[in-house]
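Observations on the three-dimensional arrangement
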Amino acid sequence: MATHITVTSIQMPVTATVSTKIKSEQLQTAYHITNALPEEFLACIDALRLQIPLDLSRPTCPRRFLSEWEGNPGDPERHKENGWVSEGINNAIATWKLQLKCMPWFRFLEYEPKHIGMPQHRDGSNVHPHTGQRSVATMLIYLSDCVVGVGDETGSGTTLYIPTKPLTKKEKRQGKLKSKASVLASFPCKRNTALLFPHQWLHAGDPVGNNSKIALRCELFFKAKKTIAVSLVIDT
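Read on for a plain summary of the structure. (Residues numbered from 1 in each chain as written. Predicted model: local features only at pLDDT ≥ 70, side-chain atom pairs only at ≥ 80, totals over all residues. Heavy atoms only, no water.)

1. Comments concerning helix H3 (residues 84-95)
Helix length check: H3, at 12 residues, gives a terminal C-alpha distance of 17 Å against a target of 16 Å (1.5 Å per residue), a fit within 8%. For H3, every residue scored as buried is listed here: Val85, Ser86, Gly88, Ile89, Asn90, Ala92 and Ile93. Its buried side turned inward, H3 meets helix H2 (39-51), strand E3 (63-67), strand E5 (100-102), strand E6 (105-111), strand E8 (137-142) and strand E13 (213-222). Phi turns positive, to about 65°, at lysine 97, one or two residues after H3. (Helix = DSSP H or I, 4+ residues; strand = E, 2+ residues; numbered from the N terminus. Expected span 1.5 Å × (residues − 1). Buried < 20%, exposed > 50% of the residue type's maximum accessible area, 1.4 Å probe, protein only. Contact = heavy atoms within 4.5 Å.)

Below you can see the structure in the form of structure tokens.
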């Protein structure tokens, strides 16, 4: 029996997007996907994670780094694979009917129980080493179930925020305080769900519940548009 996949889109209110200086090459929609990956592929990802050394040097949370391309002299210790991770994730994205692909590097994020989470922030973008294309979105594929309390699935994941309008110079001189960003949507850490959102969107990692919060983080870029060559013959 085939597993049912659901893809839900999330839109930022128009009043909020006007203040963020939209660029044509940016993604403007977030997506939440259930049953994101085939179970067999998900099991392979689980096994791979345990083969990669845990990096404890980062201030936010322990991480495991994975790369599927050669020529990264700045990070020679990153675990290498032959491309099967990218292929499997890109195949999944294709089934979601999204015109995106993943960069050839990943990181496993591993938050311990009761971790305070990550404060509100925006993500930066990176350039694909082969195509020169720039990433437009972050994707988190959750590999664990992490709940705030018994029977509660409302926390421990990621929250997207509606940004507030920046203060004018006059308002700053008057001592006005910037209002807090309001919640757009929250998504729990539930195994085999995926959340992808534009890099420029304000978001935060929620406080972690009773179980470890484990996610595979990917960066996505737009698939190249296919071009059709047309030959024009002119009779003279």
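2. Focus on H2
Taking 1.5 Å per residue as the helical rise, H2 with its 13 residues ought to reach 18 Å, and the 19 Å between its terminal C-alpha atoms agrees with that figure. Taken as a whole, H2 has its buried residues at Phe41, Leu42, Ile45, Leu48 and Arg49. Viewed along the axis of H2, the buried residues span an arc of 115°, placing them on a single side of the element. With respect to the buried face of H2, the exposed residues turned more than 90 degrees away are Glu39, Glu40, Leu50 and Gln51. In this structure, the buried residues of H2 make contact with E3, strand E4 (79-80), H3, E6 and E13. (Arc of directions from axis to C-beta.)

3. Looking at the side chain of glutamate 110
Among the structural elements, glutamate 110 can be located in strand E6. By relative accessible area, glutamate 110 is classed as buried at 12%. Within polar-contact distance, the side chain of glutamate 110 engages the side chain of arginine 49 at 2.9 Å. At 2.5 Å, the side chain of glutamate 110 and the side chain of arginine 64 are in polar contact. (Polar contact = N/O pair within 3.5 Å; in protein donor to acceptor, adjacent residues only side chain to side chain.)

4. Things to note about the pairing of E6
Within E6, six of the seven residues are buried, which leaves it mostly tucked inside the rest of the structure. Summarising the sheet, E3 and E6 pair through five bridges and their orientation is antiparallel. When the bridges of E6 are listed, arginine 64 appears paired with phenylalanine 108. With five bridges joining them, E6 and E13 adopt antiparallel strand pairing. If you follow tyrosine 111 over to E13, its bridge partner there is lysine 213. (Pairing = 2+ DSSP bridges.)

5. Details of the sheet that holds strand E12 (residues 203-205)
One open sheet holds the four strands; their spatial order is E7-E12-E9-E10, and the pairing between them is antiparallel. Looking along the sheet, the strands with just one partner apiece sit at the ends: strand E7 (118-121) and strand E10 (182-187). Ignoring strand direction, the axes of neighbouring strands in this sheet form an average angle of 20°. Of the pairings in the sheet, the one linking strand E9 (residues 158-162) to E12 comprises three bridges and is antiparallel in character. Counterpart to threonine 158 in the pairing with E12 is glycine 205. (Axes fitted to C-alpha atoms, helices over the stretch in contact; angles between N-to-C directions.)

6. Description of the pattern of salt bridges
For the structure on display, the rule yields seven salt bridges. Glutamate 110 serves as the salt-bridge partner of arginine 49, at 2.9 Å between the closest nitrogen and oxygen. Of this pair, arginine 49 sits in helix H2 while glutamate 110 is found in strand E6, placing the two residues 61 residues apart along the sequence. Here the two residues arginine 49 and glutamate 110 agree in accessibility, since each one is buried. Notably, a salt bridge pairs arginine 64 with glutamate 110, separated by 2.5 Å at the nearest N-O pair. Separated by 46 residues along the polypeptide, arginine 64 in strand E3 and glutamate 110 in strand E6 bring together distant segments of the chain. Judged by its relative accessible area of 11%, arginine 64 falls in the buried class. In this structure, a network of salt bridges that share partners links the residues Arg107, Asp123, Arg217 and Glu219. (Salt bridge = Lys/Arg side-chain N within 4 Å of Asp/Glu carboxyl O.)

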